[in-house]
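What follows is the residue order along each chain.
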Amino acid sequence: MDAWFQNEVTYPHVAQEVLDAADSVRATLPNKYCDPEIAANLFAEAIDEYLLCDDLGINVICTEHHAGINSLLASNPMLLSILASQTKNVRILSLGTLITLRPDPVRVAEEYATADVLSRGRLEIGFVKSGLSEYASNQASPIDNGDRYWEAIDLISKALSHQEGVFSWEGKHFTHRHVNIWPRPYQPTLPRMWSATGDPSTAGDVGRRDMVQVLVLRGPEGTKTAFAANRRARAAAGMPKPTTDRFAYAALVAVGDTHEEGVRMGEKLMWFLNTSLRSAPQFGPKLPGLAPPQAAPGLYRTKPAAAKPGETASAAANAAALMNITAEQAMARGIMFAGSPDTVHKQIMDFHEAVGGFDHLSMIGRSGFMTHAETSKSMTLFGKEVLPRLKEVKTVTAGYNQPD
Amino acid sequence: MTNATALPASGNLLIGDIELEVVRRGVGQPMLLLHGFQNIEPDAPFLDMLGDHASIIAPSHPGFGRSSRPKDVETVYDLVHCYLALLDSIPDEKVSLMGFSFGGWLAAEIAVKAGRRIDRLILVDALGIKISGPETPDIFDVFNKHPDEVRKRSWHDPAAQAPDYDALSDSQLANISRNWEALCRYGWHPYMYNPQLKRWLGHIKARTLVLWGASDGIVTPAYGEAYARLIPGARFETIDAAAHHPYLEQPRAFVDRVSRFLKS
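Just so it is clear, the structure is predicted and the values come from calculations on it, not from any experiment.

**Quick notes on the overall build of chain B**
1) Next: Regarding its fold elements, chain B presents ten helices and nine strands.
2) Next: For a compact globule of 264 residues, the expected C-alpha radius of gyration is about 18 Å, and chain B comes in at 17 Å, within 12% of that figure.
3) Next: Dimensions of chain B along its principal axes, counting C-alpha atoms only, are 45 × 45 × 35 Å.
4) Next: Residues classed as buried in chain B amount to 56% of the 264 residues present.
5) Next: Within chain B, contacts between residues at least 6 apart in sequence are counted, and of these 74% link residues at least 24 apart.
6) Next: The positive charge centre, built from 27 side chains, and the negative charge centre, built from 32, are 7 Å apart in chain B.

See below:
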């Protein structure tokens, strides 16, 4: 198993009374509350943490979010290029430029090719469907977001792999009549591609495309369901059974010298769920096209309904269910692994067993008021005492212990 | 697209492969009525009143209400051509055209293209054009702003007039959701206007009434006045105690204004 670190560079330094008075901490909160001096320090600390991971053998992930205290990483390629040039050892995953919000996938391909060259072939490319307040922040229609997602991925893949001069793309959502990117990627074949999704339909597409599927904060039930949908789609398409290197899970992770210290740090990570997810109703699940019309009664009358057994909750419903819980509750739900090196290792392996295996643990290792020093300590303990044991976990057939 | 050859007296209407649900009411010269954010409910009181003055044909746009939307029908261009084909199926030489809100945008586009076929044009709190500079949104953003604010700006007396979602049936809520999705598909970008329409409004041949809810906060009366100034000879009138839906908020006053205009 590999481990990957991410710091979304959250911005917790807005007065609580300001946050309480705002209807949303995303998209609409005025940026006068973002002190650029503090932001500069947060970026500098984040880069230090990533470089520490490079020394510890923990791969790194660069994310993207827009216009909110939940993340200052509005421009994925900016941090990606820094990591590509300053790290020397580990793999780098962009997860990712939000392609359904960007008008020109060819530009994204150019950025990725450049990052791959800068890193001398250490780039992995992840795609996230985005949504909610980010449609407003980026002037992107919520309608046909999924169609744009796959068309952009197709165009980016072609631009990154085509080496014989100009090709033309006149698709449904994107048009680029003269594509011929320089530089081409450093890696001789298309860099490994990832997709972050929990919904079974998209999971099927991810499986058929043989991408790495990453589930973010979904807990064992949602993860099992989505992984199974991936495997079923592959089987239906006549593809061989996937191995666990095609699956990843992202959780909040904090490691202390003792279990109690790790949980205390984990409690600080909870800011991400309890404070930074709060969003105004116009950026919620009633956004046009996000849910089928038959779901309207639940959406218009009440809060998002919980998923029934065997279903995976929508991203919005999942976000709503994550707010206002404690670290202990988060650990019980399998969205946080916190404690001492031993207890964290056990939590990870229990989860691994529960969902039928995965080869990639993506760690949200800093958030909210967790300090740089705490993060560095947590990741150092993880890298030295947990990671070697995870490295012993071999790649096997995915879902090896599942009924399908 | 295959045009319908003749408008049937009842039932749904086929425009090529698009099946439109149609509300019909009244007698007299045909009036094509194009709805706004929501399709026209058959029990809306203004329909019977207006039916005394015109033969109303009120289709739900493709993707709204129970009208179908073939996958490749996805722009205002498609809707305009759908309704031009529908106009072809109406045997009468002259037709009145009325559009509410988003349907007002469609009506303005159709009036430009259909020329003298349109006898009278009535634009009610219509969208469709850009008047102000880049930093002044003319049309309130119903998708990106808080729903409470949208409600306040849409209705003169929201407590009395705005729909209460808790009181609506499952099928009514599903219908609202379907309409919302279709509206977003057609109107997201540029947001509810065609940057080219303004320059062609001067070619409208129909006698035109631009009618506005005096309290409309989605598109203000000032926007309506500017709209009217771009259409040769257009009259601009407001209806008191009404916002973005004067036909629902003040149906009697609304129908009085429209019928007076039709007779003038």
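Still to come is the rest of the account.
**Quick notes on the interface of chain B and chain A**
1) Next: Facing the 23 residues of chain B at the interface are 24 residues of chain A.
2) Next: The contact between chain B and chain A buries some 2,000 Å² in all, and 57% of this surface belongs to carbon and sulfur atoms.
3) Next: At the boundary of chain B and chain A, one finds three salt bridges.
4) Next: For the salt bridge of B:Glu74 with A:Lys172, the shortest nitrogen-to-oxygen distance reads 2.4 Å.
5) Next: Considering each element in turn, the side of chain B that touches chain A owes the most residues, ten residues, to helix H6 (residues 170–187) of chain B.
6) Next: In terms of residue class, the side of chain B that touches chain A is built from ten nonpolar, five polar and eight charged.

**Considerations on the environment of B:His189**
1) Next: Along the chain, the position of B:His189 falls in the loop between H6 and helix H7 (197–200).
2) Next: Judged by its relative accessible area of 58%, B:His189 is exposed.

Rules and cut-offs
- Residues numbered from 1 in each chain as written.
- Chains lettered and ligands numbered in written order.
- Predicted model: local features only at pLDDT ≥ 70, side-chain atom pairs only at ≥ 80, totals over all residues.
- Heavy atoms only, no water.
- Helix = DSSP H or I, 4+ residues; strand = E, 2+ residues; numbered from the N terminus.
- Rg over C-alpha atoms; globule rule 2.2 N^0.38 Å.
- Buried < 20%, exposed > 50% of the residue type's maximum accessible area, 1.4 Å probe, protein only.
- Contact = heavy atoms within 4.5 Å.
- Lys, Arg positive; Asp, Glu negative; His and termini not counted.
- Charge placed at Lys NZ, Arg CZ, Asp CG, Glu CD.
- Buried area = accessible area lost by both parts, 1.4 Å probe.
- Salt bridge = Lys/Arg side-chain N within 4 Å of Asp/Glu carboxyl O.
- Nonpolar A, V, L, I, M, F, W, Y, C, P; charged D, E, K, R; others polar.

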